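# Chain and residue survey
Listed here are the chains, written in short residue letters.
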Amino acid sequence: MSAISTSSSAGDAARTPERPKRRSFLRLLLRNRLAGLGLVVLAAIVAIAILAPILPLADPNATAPANRLLPPLSEGHLLGTDELGRDLLSRLVWGTRLSLFMGVAATLVAALLGSTIGLVAGYFGGRLDNALMRSIDMLMAFPYILLALAIVAVLGPGLLNALYAVAIVNIPFFARNIRGVTVGLSHKDFVEAARLSGMGHGRILVSEVLPNVMPVIVITMSTTVGWMILETAGLSFLGLGSQPPQADLGSILGEGRKVMLTAPHVTTIAGITIFLLVMSINLVGDGVRDALDPRLSAGALARPAPVTRIARAKNADDAAPPEGSPALAVRRLSTRFEVGERIYRAVNDVSFTIRRGECLGLVGESGSGKSVTALSLLGLVPSPPGVIRAGRVWREGEDVLSLSREKLRALRGGRVSYIFQDPLTTLHPLFTVGDQLVEAIRAHRPASHAEAWTQAVALLDRVRIPAAADRAEALPHELSGGMRQRVAIAMALANEPDLIIADEPTTALDVTVQAQILALLDELRRESGLALLFITHDFGVVSQLCDRVAVMYAGKIVEEGPTQAVLEAPAHPYTRLLIACVPILGSGKRALDAIPGLPPAVDRLPDGCAFAPRCPRATAACKEGEIPPVSVADRRSARCLYAGEVMRAATEGSAA
Amino acid sequence: MNASTAPILETSGLGKTFGGGRTLLGARKPQVHAVRDVTLAVAPGETLGVVGESGCGKSTLARMLVGLVPPTSGTIALDGQALTDAAKAGPRAFGRTIQYVFQDPTSALNPRKTIRQILEAPLIHLIEADAPARERRVAELMDIVSLRPEFLERYPHEFSGGQAQRIGIARALAAEPRIVVLDEPVSALDVSVQAQVLNLLSDLRTRLGLTYLFISHDLAVVEAIAERVAVMYFGRVVETGPVDEVFRAPRHPYTRLLLSSAPAIGARAEASDAPQAELPDPTRPPPGCAFAGRCPNVRDDCRTAPPPLVPMGRGRAAACLHPLPAEGADGPA
């Protein structure tokens, strides 16, 4: 689901199905080929290390001065011997076993201590956080090897002390990572809900926060264990870790160093082993990180393409351009999200026309496909997983979806522009709004910075921003929500579009500000003859602004017509019920007419009318076959077998 | 609603300041007065709607009432008992009397817990119920909010917004509180589901004898569910009274602005406010009425001191020196 959350509504369209099948962790891990390779190598190394006591190996510590420094492939010594005549293969296997154990143990110790510090600091915050994190900072201020040396110097050389040293040196990595995640989590609603449920802080940390932090701990462990093996090997190499005759990979390397010129095979073989071990661990670690990342586990490893994938069947009946020259004519558009074997039919067979200067309201609940429709018009649905499977989008006699990539890009933000719900997420936080307007202007036509700046200020003035010249210097966060949305509108106007697609532009705003923005949009479109596709869930807003309205349900337009006519006498039962369940100011305290049930999941649409299971009027005929739109009046249609009756009942009801 | 009944929830002079203090070098940090001097009383069985725009302090007020945020000044009394000391103990002290429903239903449920674990938490920690009692109560709660019992073993991400909000309501009701604070409980929901949840809430109130504090930015929703309303602006209550009267004939110019801004079917878009009208800077509040900058009726005395909330008869009060005329919302401006 989160794979397609690039646009929130796209995510909604693919509304969580019941019991979604999670891809298995191993399958995700193995999809990354390098991680798979790493896993195979690592598994082999670990298996050999674990089986060391029962493998037919020579005693790693048995010296034989007569056989010193035998080259590899000598008889009885596959990898040769070292300067004391000990079997190198056997020492290597036992050394790997020791290095692996040291690395894993150090990681566990560092993870336990570091995560605890991070959890406590992040959850409680304030002075405790300050005190803990500043001591961690102090730990990090020393070069790690110096710190490890200092710790070993205090504790004395030895395997266990080297382990402590390496663990302590790595505590900051865990503490800082875990603290960051915990800070975010500890202000989540569910943590507060746990407090309201009477849980104490300790219990909340262990049972609410920790499970959500666990993936990060695992990721940090998997990416640091290789590092810790190297560090312990480093200490052993300096003679501060494992003490003779016991040897880990580091001390084998250190012993080999003395005879490097006469017998290079000792260091070479030990070096290759360390390389293989650490490399395979790191590859697996990266794989684990990618597999645990929720964005990736949903199946979107690739970055979305610049244009939605278009895979249309050749279809004769939609190939003719529409009559007249409307601002936009959409014919039989179908967009799907294809995630593995699941197909989410977000937009099904959608057709509508926006005349020049006209405002069409596209109304629907979340998941009805209204935003995906809007994004499909200029191929902005993220692919994968979005695919446009059918339909044409006509503009000036051309099918927009057949345009070249360059032409499409010129159209986007040029003659057709978008306004989105939350301007704080669409404006860049680090550039002034004036600079962003300049960029929008210069992306489409050649202009000097100074010229474009003058135009930018004029645009801000046009959207009634007071003291436009000063405000152009402001950063987005310095403006209020209403002002930011005005800037977004100015940006949409920058290249004199003839069509603006506004996706819930006032939903995030307060009502008094919403009223201002709606009035502004209305003025602008009348002033410059703009066509407007206005997407909303609010019939009140539609009735204030739009000439025509199209109502979407489960990816289809179920009713379309002039706003007033539709609102007064809806011809589709869904429209009627949707209008009825919105409380209207001035009608007093009462029970509302709720629509029973839930919208269908778009990957399992029922046969026939998708609204039938919730519809009071549904008959057996509604549940089979495709229900085509029927014309119920001039430029007015509805996808309902009983549209005429529904409309008549509404007219009589309002007359009575 | 009933002046004779002792209020079940009462606040007096409640205030909350965020920030403040000094930095290490002694410079003052900016202070934000999120809530100032809020005095409210809610009668048992009543629903008090709290309306206002973002940043008006309505959520901070709600969170103080359930103990999630300690107040900076003033007192909260539940059932006539002052909770000033209990407030230091955190939400645990409040939990059995007053509970809270969150705005975003999915973020209020821990993604890694089953619905059963979520519903059992208040039973274990607030009323220390034993296992069979918990089993019974959890089944009962699912029934109360009309969810199928087999959902208990599922995880939050498997539910739609409306279903998740039902679970949130069930959790709030688990320990049988008498007051429920609902913080925008339907704003994140689709309209068709919104009506279902609102009807469920009304029904539960009657069946279980609950008292609601219902916070919303949507006046129509408040009108449909509440008996009394408190309108907040910039941290203060600017008008209170019975919902139908306040909405029919607002006395405070801000209430009138809110009412005229609400989009309604059949109305044309028109801005009822100057385009540059904005909230004052919360770190530097104006000395007088916070609404003075946007108010069409503003006079000189409005800018000297914040106007107190004065009774205007019939259980109504407004914090305005020059209130709108008593009847007729379209009186002279």
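The rules behind the values
- Residues numbered from 1 in each chain as written.
- Chains lettered and ligands numbered in written order.
- Predicted model: local features only at pLDDT ≥ 70, side-chain atom pairs only at ≥ 80, totals over all residues.
- Heavy atoms only, no water.
- Helix = DSSP H or I, 4+ residues; strand = E, 2+ residues; numbered from the N terminus.
- Buried < 20%, exposed > 50% of the residue type's maximum accessible area, 1.4 Å probe, protein only.
- Contact = heavy atoms within 4.5 Å.
- Areas by Shrake-Rupley, 256 points an atom, 1.4 Å probe, with all protein chains shown as cover.
- Rg over C-alpha atoms; globule rule 2.2 N^0.38 Å.
- Pairing = 2+ DSSP bridges.
- Axes fitted to C-alpha atoms, helices over the stretch in contact; angles between N-to-C directions.
- UniProt positions renumbered as here; feature names shortened; annotations may be inferred.
- Expected span 1.5 Å × (residues − 1).
- Salt bridge = Lys/Arg side-chain N within 4 Å of Asp/Glu carboxyl O.
- Polar contact = N/O pair within 3.5 Å; in protein donor to acceptor, adjacent residues only side chain to side chain.
- Phe/Tyr/Trp six-rings, centres within 6.5 Å; stacked < 30°, edge-to-face > 60°.
- Core = buried A, V, L, I, M, F, W, Y, C linked by side-chain atoms within 4.5 Å.
- Parallel < 35°, antiparallel > 145°, perpendicular 65-115°, else oblique.
- Left-handed = near helix turned anticlockwise from the far one by under 90°.
- Nonpolar A, V, L, I, M, F, W, Y, C, P; charged D, E, K, R; others polar.

## Examining the overall build of chain B
- Counting secondary structure elements, chain B contains 10 helices and 12 strands.
- Burial statistics for chain B: of 333 residues in total, 56% are counted as buried.
- The long-range fraction of contacts in chain B, counting pairs at least 24 apart against all pairs at least 6 apart in sequence, stands at 68%.
- For chain B, the exposed area adds up to about 13700 Å²; of that, 52% sits on carbon and sulfur atoms.

## What to know about the overall build of chain A
- Check the secondary structure of chain A and you find 24 helices and 13 strands.
- Taken against the 2.2 N^0.38 rule, which gives 26 Å for 656 residues, the C-alpha radius of gyration of chain A at 34 Å runs more than 25% over that of a compact globule.
- Along the longest, intermediate and shortest principal axes, the C-alpha atoms of chain A span 110 × 60 × 60 Å.
- Pairs at least 24 apart in sequence give 68% of the contacts found in chain A among residues at least 6 apart.
- A total accessible area of about 28800 Å² is found for chain A, and carbon and sulfur atoms account for 60% of it.

## Things to note about the sheet that holds strand E4 (residues 359–363) of chain A
All names here are of chain A.
- Taken in spatial order, the eight strands of this open sheet run E7-E8-E9-E4-E10-E11-E13-E12, and their pairing is mixed. Lying at the two open borders of the sheet, with one neighbouring strand each, are strand E7 (416–419) and strand E12 (630–633). The mean inter-strand angle of the sheet, taken between neighbouring strand axes irrespective of direction, is 20°.
- Where E12 lies against strand E13 (residues 636–638), three bridges are found, and the strand directions are antiparallel. In the strand pairing of E13, Ala 633 is matched with Arg 636.
- Across the sheet, helix H19 (residues 481–493) lies against E7 and strand E8 (499–503), angled at about 170° from E7, the strand it touches most.

## Topic: the UniProt feature "transmembrane region" (unreviewed entry) in chain A
- The positions UniProt marks with the feature "transmembrane region" (unreviewed entry) are residues 34–55, 98–124, 136–156, 209–230 and 266–285 of chain A.
- Here residues 266–285 of chain A runs as 100% helix and 0% strand, with 29 Å between its end C-alpha atoms.

## So, the UniProt feature "domain: ABC transmembrane type-1" (unreviewed entry) in chain A
- The UniProt entry lists residues 96–285 of chain A under the feature "domain: ABC transmembrane type-1" (unreviewed entry), expressed in the numbering used here.
- Within residues 96–285 of chain A, the helical portion is 85% and the strand portion 0%, while the C-alpha atoms at the span's ends are 19 Å from each other.

## What to know about helix H17 (residues 449–462) of chain A
Residues and elements named next belong to chain A.
- In a regular helix each residue adds 1.5 Å, so 14 residues correspond to 20 Å; H17 covers 20 Å between its end C-alpha atoms and thus fits that length.
- Where H17 is buried, its residues contact helix H16 (433–442), helix H18 (468–471) and H19.
- Once H17 ends, the next one or two residues include Arg 464, with phi positive near 60°.

## Brief notes about the interface of chain A and chain B
- At the junction of the two partners, chain A supplies 72 residues and chain B supplies 71 residues.
- At the junction of chain A and chain B, the tally comes to two salt bridges.
- Of the charged contacts, one joins B:Lys113 and A:Glu208 as a salt bridge, the two residues approaching to 3.1 Å between their closest N and O atoms.
- Scanning the region where chain A abuts chain B turns up 16 residue pairs in polar contact (both at pLDDT 80 or more).
- Residue assignment for the side of chain A that touches chain B shows that the elements contributing at least two residues are helix H8 (189–196), helix H9 (201–237), H19, helix H20 (511–528), helix H21 (539–545) and helix H23 (573–580) of chain A.

## Section: the packing of aromatic side chains
Residues and elements named next belong to chain A.
- On inspection of all chains with the given rule, the structure shows 10 aromatic pairs over all chains.
- Judged by centre distance (5.1 Å) and plane angle (65°), the ring pair of Tyr 574 and Phe 611 falls under edge-to-face. Placement of the pair is Tyr 574 in helix H23 and Phe 611 in the loop between H23 and E12, with a sequence separation of 37 residues. Phe 611 shares its class with Tyr 574; the two are buried.
- Among the aromatic residues, ring-to-ring pairing joins Tyr 553, Tyr 574 and Phe 611 into one connected group.

## As for the pairing of E7(A)
All names here are of chain A.
- Across the two faces of E7 the burial is the same, with Val 416 and Tyr 418 and Ser 417 and Ile 419 all buried.
- Inspection of the sheet shows E7 paired to E8 by four bridges, in the parallel sense. Bridged to Tyr 418 within E8 is Ile 501.

## Structural notes on the nonpolar core
- If you look at the biggest cluster of nonpolar residues, it comprises 141 residues, and the most contacted ones within it are A:Leu460, A:Ile489, A:Phe534 and B:Ile169.
- Looking at this core, the element that brings in the most residues is helix H7 (residues 191–208) of chain B, giving eight residues.
- Leave out the neighbours within four places in its chain, and A:Ile489 touches A:Ile419, A:Val463, A:Ile517, A:Leu520, A:Leu521 and A:Leu524.
- Grouped together as the second largest cluster of nonpolar side chains are 38 residues, A:Leu328, A:Leu333, A:Leu375 and A:Met552 included.

## Considerations on unusual backbone geometry
All names here are of chain A.
- The residue after Pro 244, namely Pro 245, is reached through a cis peptide bond having omega 5°.
- Structurally, Pro 245 is set in the loop between H9 and helix H10 (249–258).
- We note that Glu 496 has phi near 45°; this positive angle belongs to a residue other than glycine.
- As for its position among the elements, Glu 496 is in the loop between H19 and E8.

## Observations regarding the environment of B:Leu109
- Looking at where B:Leu109 falls in the secondary structure, it is placed in the loop between strand E6 (98–101) and helix H4 (115–125).
- Separated by 56 residues in sequence, B:Leu109 and B:Gln165 have C-alpha atoms that sit 9.4 Å apart.
- Look past the residues within four positions of B:Leu109 in its chain and what remains in contact with it is A:Phe190, B:Ile118, B:Pro156, B:Ala164, B:Ile167 and B:Arg171.

## Considerations on the packing of helix H3 (residues 33–51) of chain A against helix H11 (residues 264–292) of chain A
All names here are of chain A.
- Running from N to C, H3 and H11 point in directions that differ by 135°, and their axes come no closer than 8 Å. As the angle between them shows, H3 and H11 are arranged oblique. By crossing handedness, the relation of H3 to H11 is classed as left-handed. Two secondary-structure elements touch here, H3 through Leu 34, Ala 35, Gly 38, Leu 39, Val 41, Leu 42 and Ile 45 and H11 through Leu 276, Leu 277, Ser 280, Ile 281, Leu 283, Val 284 and Gly 287.
- Residues belonging to the contact of H3 with H11 are distributed by class as follows: 11 nonpolar, three polar and no charged.

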